[in-house]
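# Structural overview for review
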Amino acid sequence: MNIAVCRPQVPFARGGAEIFADELVRQLRDRGHEAEIVSVPFKWYPGQRVLTQAFLWRLLDLTEADGRKIDLVVATKFPSYCVRHPNKVVWLLHQFRQAYDLDRTELGQFSESAEDRATRRRVQRLDRTALGEARKLFATSRNVADRLQASTGLEAEVLPHPPQELAYRTDAYEPFVFSVGRLDRAKRIDLLIEAAAKQGVELVISGEGPDRERLERLANGRARFTGRVSEAELADLYARCRAVFYAPVDEDFGMVPFEAFLAEKPVVTTTDAGGPLDVVRERETGRVVEPTVDAVAAALVIGEDDARKWGQAGKALAQKVTWDSAIDRLLA
Amino acid sequence: MKVAYYSPMSPSRSGVADYSALLLPELEKRVDVVVARKGRFRRFPSADIALYHIGNDPEAHGWIAKALEARPGIVVLHEFVLHHLVAGLTLAHGDSRGYLDAMERGHGLAGRLLAFGVVEGRIPPLWETRPEAFPLAGDVLAAATGLIVHSYYVENRAREAGFEGPVWRIPHPAWPPGDVSPAQVEGSPLLGCFGHLNESKRIPQLLAAFARLRAAKPDARLLLVGALADRLAGMSVPEGVIREDYVPEERLWSLMAACDAIVSLRSPTMGETSGAAIRALTLGKPLVVSDVGWFSELPDEVAIRVPVDEREVETLAAALEQLAVDGAARGEMGGAARELVEREHSLPHVADLYAAALEEAAGGGAVREVLLKDIAQAAGEIGIEAADPELGEVSARLDEVGLGG
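## Brief notes about the overall build of chain A
The helix and strand tally for chain A stands at eleven helices and 14 strands. Relative to the 2.2 N^0.38 estimate, which gives 20 Å for 332 residues, the radius of gyration of chain A is 20 Å and therefore close to what a compact globule would have. Projected onto its principal axes, the C-alpha coordinates of chain A cover approximately 60 × 50 × 35 Å. The buried share of chain A, reckoned over its 332 residues, is 57%.

Structure follows, in structure tokens:
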């Protein structure tokens, strides 16, 4: 099959969604399909710009390329699923959350002006149409599926995505907690830094993002910021850390918990983290605590034996999520 | 965002006043609302958008229709047929010409001639005899920048009448039933019919069908609750029928709760919903309704629909008998009714839909303008002109995803 995998691209940013789409393409190719990334730069501000950007996807003609029929498009996140195709499957990583659950929070972007309120509603209407016309709708976690159902009334099957293929291994349980991901407010790295400072826990923080400068000031030298790391470095950090912190606000899913598990490392998360709660279970595969500095601080202190035991339990879960089963369902 | 809210309010006994009393507190949690009062609209409240509740009763809605005419806005069209309203705004104030003009605008020269007949007393008032054939909704539709309706029926009628603006279909909200104790009323089964008992409620047909049921089930009783219209005042009430006049809200719920099934017939329909039917669904009562208008849109799981035809009484009697003998079916329908209310008619859900519609409407024009300007500018910069076919394609794609209009 000729398959176009659609994903928006924030230039110079690379996170879980980009890794996921790249990996999906690779896995499809490994199974004999012609697969290609189709990407359009995404800028969601100021104001109504988000609609113009979304609409760009609608203007693309992906029915064929250079005379070759494109049999299937797989769209991943807002606004790539606005693309038009008779055989559109959506594997939803997330909607534009500023128009939904993040609205009127400090992470929201729409003001109380009539124009901003209307823009938000237009995004919602766009979602109902663009997602509603998909031949099949998958969501990457129960949390994403529930949000979709609540916001649009559309039902999606839960299809967790396997983590990126790294040289996962378990070298040690060194006394540091590892965090990886885009450095923005939603990932709540500030909570981690404040909690770690309370217990004197060592931190390694990988990734780039708009919040880096603020976070580095907050850490005041008590955490090592690595910036973006190579796959080999990432595998090494997973292999050596004691535990992995992953507690964004009401997260979609994220690949981090499964990656940690494949390195047999437990995950520390919070009760309001959303998607991670599908797989992180209190004192079974990690720690699930209230999103307060005190609670997280206590949870970061994990003995080596517990870390190993919980990490191994997590690995058993992660190994069940394979590309073979995911692609079978996607193409069925 | 601020909304100027025009509606009859308590102490008006209008159903729309009840509706607003129910909706407003929940809506106010979502948007800023300034409630316009009758007689105080010379200076329009400062707001981003105005919302007008329009129904057929000139006493309750006449001042709102006038405000709408002066300042267009979103109309909640509680019923499609507005003949009585138009007559109240014109003839009742000695404005024969206004009525003639309205009839001509709605129904051409034939309409004007009929209106002459009414004005000169040669034919009975059309709003009493055939209002559904002369709905006179055109002026309200012309002033509406968007419509909120409760049914596909009214949406379709508005579209047929040429309304091209946005339409939001928002279900009628359900009243929270509170702590209801069923009244002590005999009857096995006990059927109920509630509301203002006028000719469109098919009371003679209901009584005829009930008499058939009584022949097979002598213990059956029919509660007939509500003020009787003048034309039905002389009607004899057959055996087994229990009459109560207008009852306060608490008693209404209590009587409904005592019933095994509730009958809510209607024909002709003006496109209205039925507050009694919504209450019945809330209480998990099976419904028997006429197969017309909004009532036709009730799912099979919660209502038996009776066509309004020459076999109406027979079909109705069969429906009543079916419910009388089949307790399990009544239970299933009651459960489905509660689920329907929870899913479609819950107050927070309805208020969410209102907030969405109002927010879309208030800023939608500006949003669309920015978007189109962006696209036009990009097209212009690379030499695509407004008349070029490429922009036709762009326009089609905009419409597909709801960004065009």
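Now that the structure has been shown, we can carry on.
## Quick notes on the pairing of strand S10 (residues 261-264) of chain B
Residues and elements named next belong to chain B. Side-chain alternation along S10 places Ala261 and Val263 on one buried face and Ile262 and Ser264 on a second face that is also buried. Strand direction decides the pairing type here: strand S7 (residues 190-194) and S10, joined by two bridges, are parallel. The residue of S10 that forms the bridge with Gly192 is Ile262. Regarding the hand of the β-α-β motif, the stretch spanning S10, helix H10 (residues 275-282) and strand S11 (residues 287-290) is right-handed.

## What about unusual backbone geometry?
Between Tyr45(A) and Pro46(A) the backbone carries a cis peptide bond, its omega angle lying at -5 degrees. Tracing the sequence through the fold places Pro46(A) in the loop between strand S2 (34-41) and helix H2 (49-58). Along the chain, Ser188(B) connects to Pro189(B) via a cis peptide bond; the corresponding omega equals 0 degrees. Mapped onto the secondary structure, Pro189(B) falls in the loop between strand S6 (167-169) and S7. Within the chain, Asn220(A) stands out as a residue other than glycine whose phi angle is a positive 50 degrees. Topologically, Asn220(A) is positioned in the loop between helix H6 (212-219) and strand S11 (223-227). The class for Asn220(A) is exposed, based on a relative accessible area of 59%.

## Here's the deal with the interface of chain A and chain B
Size of an interface, as often reported, equals the accessible area lost when the parts are brought together. Between chain A and chain B, the contact holds 22 residues from the first and 25 residues from the second. When the two sides are added together, the surface that chain A and chain B hide from each other amounts to roughly 2,300 Å², 60% of it contributed by carbon and sulfur. Considering only the surface of chain A that becomes buried against chain B, Phe55(A), Arg121(A) and Arg122(A) emerge as the three largest contributors, covering 30% of it. The interface formed by chain A and chain B includes six salt bridges. Note that Asp374(B) and Arg49(A) form a salt bridge whose closest N and O atoms lie 3.5 Å from each other. For the pair chain A and chain B, the number of links is seven residue pairs in polar contact (both at pLDDT 80 or more).

## Notes on the packing of aromatic side chains
Tallied over the full model, the rule gives 16 aromatic pairs over all chains. By way of ring pairs, the aromatic residues Phe42(A), Trp44(A), Tyr45(A), Phe78(A), Tyr81(A), Phe96(A) and Phe110(A) are connected into one cluster. Here the basic side chain of Arg169(B) rests over the ring of Tyr152(B), its NZ or CZ set 4.1 Å away from the ring centre.

## Regarding the sheet that holds strand S13 (residues 267-270) of chain A
Residues and elements named next belong to chain A. Spatially, the six strands line up as an open sheet ordered S11-S10-S9-S12-S13-S14, and their pairing is parallel. Edge strands, defined here as strands with exactly one partner in the open sheet, are S11 and strand S14 (286-289). Within the sheet, the average angular offset between the axes of one strand and its neighbour, ignoring direction, is 25 degrees. With two bridges connecting them, strand S9 (residues 176-180) and strand S12 (residues 243-245) associate as parallel partners. Each residue of the ladder has a partner; that of Val177, found in S12, is Ala243. Packing of helix H7 (residues 231-240) onto the sheet brings it into contact with S9, strand S10 (202-206), S11 and S12, and relative to S9 it is tilted by some 145 degrees.

## With respect to the confidence of the model for chain B
Here chain B shows a mean pLDDT of 92. Residues at 70 or above account for 98%. Among the prediction metrics, the complex's ipTM stands at 0.76, with pTM recorded as 0.81.

## A word on the side chain of Ser14(B)
All names here are of chain B. Within the secondary structure, Ser14 sits in the loop between strand S1 (2-6) and helix H1 (15-27). With a relative accessible area of 12%, Ser14 lands in the buried category. Looking at Ser14, its side chain comes within polar contact range of the main-chain nitrogen of Val16, at 2.9 Å. Residues in contact with Ser14, not counting those within four places in the same chain, are Pro8, Ala60 and His61.

## Quick word on the packing of H2(A) against helix H3 (residues 114-132) of chain A
Between two packed helices, the angle of one axis relative to the other and the distance separating the axes together describe the packing. All names here are of chain A. H3 packs onto H2 with a crossing angle of 20 degrees between their chain directions and a minimal axis gap of 9 Å. In terms of their interaxial angle, H2 and H3 are classed as roughly parallel. Judged by the sense of rotation from one axis to the other, the crossing of H2 with H3 is left-handed. Only Thr119, Arg122, Val123 and Leu126 of H3 make contact with H2, whose side of the interface consists of Val50, Leu51 and Ala54. Split into classes, the residues belonging to the contact of H2 with H3 amount to five nonpolar, one polar and one charged.

## Quick notes on the sheet that holds S6(B)
All names here are of chain B. Read across the open sheet, the six strands follow the order S2-S1-S3-S4-S5-S6; overall the sheet is parallel. If you trace the sheet from one side to the other, it starts and ends with strand S2 (32-36) and S6, each paired once. Neighbour to neighbour, the strand axes of the sheet diverge by 25 degrees on average, direction disregarded. Bridge count for strand S4 (residues 73-77) against strand S5 (residues 144-149) is four bridges, and the pairing is parallel. Paired with Gly73 across the bridge in S5 is Ala144. Against the sheet, H1 contacts S1, S2 and strand S3 (49-54), and its axis sits at roughly 165 degrees relative to S1. On top of the sheet, helix H2 (residues 58-70) reaches S1, S2, S3 and S4; it is set at about 145 degrees to S3, its chief contact.

## A short note on the packing of helix H1 (residues 16-30) of chain A against helix H11 (residues 323-331) of chain A
Residues and elements named next belong to chain A. Remark: H1 packs on H11, axes separated minimally by 11 Å, with the N-to-C direction vectors making an angle of 85 degrees. Put simply, H1 runs roughly perpendicular to H11. Contacts from Phe20, Glu23, Leu24, Gln27 and Leu28 in H1 reach Trp323, Ile327, Leu330 and Leu331 in H11. Classifying every residue of the contact of H1 with H11 by side-chain character gives seven nonpolar, one polar and one charged.

## Points about a nonpolar patch on the surface
Where nonpolar side chains cluster on the molecular surface, the patch consists of Leu109(B), Leu113(B) and Phe116(B) and spans about 300 Å² of accessible area. Mapped onto the elements, Leu109(B) comes out in helix H4 (residues 96-119).

## Observations regarding the environment of Ile3(A)
Residues and elements named next belong to chain A. Examined against the element boundaries, Ile3 turns out to sit in strand S1 (residues 2-9). In sequence terms Ile3 and Arg84 are 81 residues apart; their C-alpha atoms lie 14 Å from each other. Look past the residues within four positions of Ile3 in its chain and what remains in contact with it is Leu28, His33, Glu34, Ala35, Glu36, Leu72, Val74 and Leu331.

## Looking at the pattern of salt bridges
Opposite charge on two side chains lets them pair, provided their charged atoms get close. In the structure shown here, the tally under the stated rule is 64 salt bridges over all chains. Taking the shortest distance from any N to any O, the salt bridge between Arg121(A) and Glu359(B) comes out at 2.8 Å. Residue Arg121(A) is found in helix H3, and its partner Glu359(B) is found in helix H14 (residues 347-381); the two belong to separate chains. On the accessibility criterion, Arg121(A) (10% relative accessible area) is buried. Overlapping salt bridges, with partners in common, bring together Arg58(A), Arg84(A), Lys88(A), Glu133(A), Glu393(B), Arg397(B) and Glu400(B) in one network.

## Details of the environment of Ala263(A)
All names here are of chain A. Mapped onto the elements, Ala263 comes out in the loop between helix H8 (256-262) and S13. Each C-alpha atom, one on Ala263 and one on Ala235, is 8.1 Å from the other, the two residues being 28 residues apart in sequence. In this structure Ala263 touches Tyr168, Arg169, Thr170, Tyr238 and Ala239, once residues within four positions along its chain are discounted.

What counts and what doesn't
- Residues numbered from 1 in each chain as written.
- Chains lettered and ligands numbered in written order.
- Predicted model: local features only at pLDDT ≥ 70, side-chain atom pairs only at ≥ 80, totals over all residues.
- Heavy atoms only, no water.
- Helix = DSSP H or I, 4+ residues; strand = E, 2+ residues; numbered from the N terminus.
- Rg over C-alpha atoms; globule rule 2.2 N^0.38 Å.
- Buried < 20%, exposed > 50% of the residue type's maximum accessible area, 1.4 Å probe, protein only.
- Pairing = 2+ DSSP bridges.
- Right-handed = clockwise from strand over helix to strand, strands pointing away.
- Contact = heavy atoms within 4.5 Å.
- Buried area = accessible area lost by both parts, 1.4 Å probe.
- Salt bridge = Lys/Arg side-chain N within 4 Å of Asp/Glu carboxyl O.
- Polar contact = N/O pair within 3.5 Å; in protein donor to acceptor, adjacent residues only side chain to side chain.
- Phe/Tyr/Trp six-rings, centres within 6.5 Å; stacked < 30°, edge-to-face > 60°.
- Lys NZ or Arg CZ within 6 Å of the ring centre and 35° of its normal.
- Axes fitted to C-alpha atoms, helices over the stretch in contact; angles between N-to-C directions.
- pLDDT = per-residue confidence, 0-100.
- Parallel < 35°, antiparallel > 145°, perpendicular 65-115°, else oblique.
- Left-handed = near helix turned anticlockwise from the far one by under 90°.
- Nonpolar A, V, L, I, M, F, W, Y, C, P; charged D, E, K, R; others polar.
- Patch = residues over 30% accessible without salt bridge, like charges linked within 9 Å, V, L, I, M, F, W, Y side chains within 5 Å.
- Areas by Shrake-Rupley, 256 points an atom, 1.4 Å probe, with all protein chains shown as cover.

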